[in-house]
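Per-entry structural report
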Amino acid sequence: MTDDNGTLPDREEASLRAAELVLGLLPADEAERLRREAAGNDALSADIAHWGESLARMAEDLRPVTPPRSVWISIEQALNASPATSAGETGEPVRASAISLWENIAFWRGLSLAGFGTAVAASIIAVLLFWQSSALLSHHKNLVAALQAGGGQAAFVATYDPQRKQMVIVPARVITETDRVPELWLVTKDKRVVSLGVIASKSAQAIVIPPELVDDTSAGAALVITLEPPGGAPGGVATGPAIAQGELSPI
Amino acid sequence: MEPDDTQIRVARWHSNDEAAREHARDRLSLLLKLVASGDKEAMSEVYKLTSGRLYALLMQMLPSQGDADEVLQEAYLTVWRRAQSYTPGQASPMTWLITITRNKAIDRLRSDKNARKAEPLDDLTEEPVDDKPSAFNLIETDQEHQRLHYCLGQLEDRQRDAIRTAFFSGVTYQELAERAAVPLGTMKSWIRRGLIRLKACLET
């Protein structure tokens, strides 16, 4: 590395330009050119990501300042003005096709929800506690899925520990449905739908994934919950409405 | 020899700290996943946990509180729209949020050249430092953060000041040079040499 005069090696020069871009030192046209270049240059885009990660930590030195309440109110209004699914517009194809499997089934039939706020917070904490304790024992990446109902809010949160082949699923809301029970389905990447069994509607439940489904329980597969007669869907075919769905992805 | 009680307690404290940091980071990652699927409650939670830090950054970068308010709103609406592009393995959730916020602020600065905060270089070298970390602040007060501080400390004063000012003001080389009243080439060389040393230190 030459520090004072002379020419820098190309790699060194590229890394410096990445840092300059991250800091915002370059004039707009030059920054734009570099961004375009990075799109087709993995080493350069890795440099940009790397500097971004390092330098952003400087912002952590600042003492937090509470913004005026009006800022959140404006944000909330903008969120409410957009349809609940707006954030899913660019959804991955797998999620889209999982939805299409169920799109003819009525959502929300016979379902009522209560106590959402505290329940979802409790379940997130429960899932994270589970995840943390298992992560200590595991070198494998855990997977997580937030299973949403029609309104775009989480109805169940699932985590899967590939090491222990165990999935924990926690209801985020209270489902008061008396004559039917929730059943969990795995929609594999090649669109097979396999039952993982009936699950508890009011408490966390651990499910051991059968050996033949371990390979299919991977990032990109989807989980769907339907309401079925007590004992589960007759003949292993879903009959009731899908009440929540979500895609497994690495945390 | 058995470790004395103090040592044991210190060790426990550190491991709790580590767990708390990891927990806070994972919690934010999971919340961003929920935001990606359109969960407004999760969005509200992300805002509660992170807006104080992002707002502090914008107050540093932008000329007026009005600008900071507007850009903070723009930044969170971008988070709402782009949460699906956040990949936990690639960046920490807080870094991702900071990057979005800084880029929005830089856009604002570039589009509104006359309204810049014209502060001399020296005024920006001492940032207010958060000396009372709350549970959530632990998120980024990790080893990498300490490493960055250590490595910045290894630079010459003018190199470090120039890099920090660049980060907290978001202005170009040209304007940094004007503010510090040095030739453009001098400012470039301070920053570039500082970055080279910083990189070498961070990589060791």
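Remember, it's a predicted structure, so these values are computed and weren't measured experimentally.

**So, the pattern of salt bridges**
This model, assessed by the stated rule, comprises 22 salt bridges over all chains. The salt bridge partner of A:E32 is A:R36, with a shortest N-O separation of 3.8 Å. You can see A:E32 and its partner A:R36 sitting in helix α2 (residues 28-39), four residues apart, about one turn around the helix. The partner of B:E203 in a salt bridge is B:K199, with the nearest N and O atoms 3.7 Å apart. Here the residue B:E203 and the residue B:K199 both occupy positions in helix α8 (residues 184-203), the gap between them amounting to four residues, near one helical turn. Using a relative accessible area of 52% as the deciding quantity, one classes B:E203 as exposed. What emerges from the salt-bridge pattern is a single network uniting B:D67, B:E70, B:E74 and B:R108.

**A look at the environment of B:M59**
In this structure, B:M59 sits in helix α2 (residues 40-61). Residue B:M59 is classed as partly exposed on the basis of its relative accessible area, which comes to 32%.

**Some thoughts on the packing of helix α1 (residues 10-23) of chain A against α8(B)**
Axis separation between α1(A) and α8(B) bottoms out at 10 Å; the angle between their running directions is 110°. When the interaxial angle is binned, α1(A) and α8(B) end up roughly perpendicular. In this structure, α1(A) uses A:E12, A:E13, A:S15, A:L16, A:R17, A:A19, A:E20 and A:L23 to contact α8(B), whose residues at the interface are B:R192, B:L195, B:I196 and B:K199. Of the residues that constitute the contact of α1(A) with α8(B), the class distribution is five nonpolar, one polar and six charged.

**Focus: the packing of α1(A) against helix α3 (residues 42-56) of chain A**
Residues and elements named next belong to chain A. In the contact formed by α1 and α3, the axes pass within 8 Å of each other and the chain directions differ by 50°. Classified by the interaxial angle, the pair formed by α1 and α3 is oblique. Every pair of crossing elements has a handedness; the one defined by α1 and α3 is right-handed. Within the contact between the two elements, α1 uses R11, A14, S15, A18, A19, L21, V22 and L23 and α3 uses A43, L44, D47, I48, W51, G52 and L55. Looking at the contact of α1 with α3, its residues break down into eleven nonpolar, two polar and two charged.

**A look at the state of the cysteines**
All names here are of chain B. Under the criterion given, the structure shown has one disulfide over all chains. A sulfur-sulfur separation of 2.0 Å characterises the disulfide bridge that pairs C151 with C201. The chirality of the disulfide connecting C151 with C201 is left-handed, given an S-S dihedral of about -75°. Here the residue C151 occupies a position in helix α5 (residues 143-153), and C201 occupies one in helix α8, the gap between them amounting to 50 residues. Look at C151 and you get buried, because its relative accessible area is 0%. On the basis of relative accessibility, which here comes to 12%, the residue C201 falls in the buried class.

**A few points about the nonpolar core**
Formed by 82 residues in total, the largest nonpolar core has its most connected members in B:F167, B:M187 and B:I191. When residues in this core are grouped by element, the largest group, eleven residues, is from α2(B). Other than its neighbours up to four places away in sequence, B:I191 contacts A:L25, B:A162, B:I163, B:A166, B:Y173 and B:L176. A:I169, A:L184, A:L213 and A:L227 belong to the second-largest nonpolar core, a separate cluster that totals 25 residues.

Cut-off values and rules
- Along each chain, residue indices are assigned from 1 in the same order as the chain's sequence is written.
- Chain A is the first chain written and ligand 1 is the first ligand written, with later ones labelled in order.
- With the structure being a predicted model, the display of local features is reserved for residues of pLDDT at least 70 and the display and counting of side-chain atom pairs for 80 or more, all residues being used for whole-chain, interface and lining totals.
- Each side-chain value is derived from all of the structure's non-hydrogen atoms; neither hydrogens nor water enter the calculation.
- Any Lys or Arg side-chain nitrogen located within 4 Å of an Asp or Glu carboxyl oxygen qualifies as a salt bridge.
- What counts as a helix is a DSSP run of H or I of at least four residues, what counts as a strand is a run of E of at least two, and both are numbered from the N terminus.
- Working definition: with a 1.4 Å probe on protein chains only, accessible area under 20% of the residue-type maximum means buried, over 50% means exposed, and in between means partly exposed.
- Axis angles are defined between N-to-C directions and span 0 to 180 degrees, where every axis is a line fitted to C-alpha atoms and, for a helix, only to the segment in contact.
- An angle below 35 degrees is treated as roughly parallel, one above 145 as roughly antiparallel, one from 65 to 115 as roughly perpendicular, and anything else as oblique.
- Only heavy atoms enter the contact rule, under which two residues are in contact if any of them lie within 4.5 Å.
- By the convention adopted, Pro, Cys, Tyr, Trp, Phe, Met, Ile, Leu, Val and Ala count as nonpolar, Lys, Arg, Asp and Glu as charged, and the other residues, Gly among them, as polar.
- Helix crossings are classified by the rotation of the near helix relative to the far one: an anticlockwise turn of less than a right angle makes the crossing left-handed, while a clockwise turn makes it right-handed.
- Only a pair of cysteine sulfur atoms within 2.5 Å qualifies as a disulfide here.
- Remark: nonpolar core denotes a set of buried residues (Ala, Val, Leu, Ile, Met, Phe, Trp, Tyr, Cys) joined through side-chain atoms within 4.5 Å.

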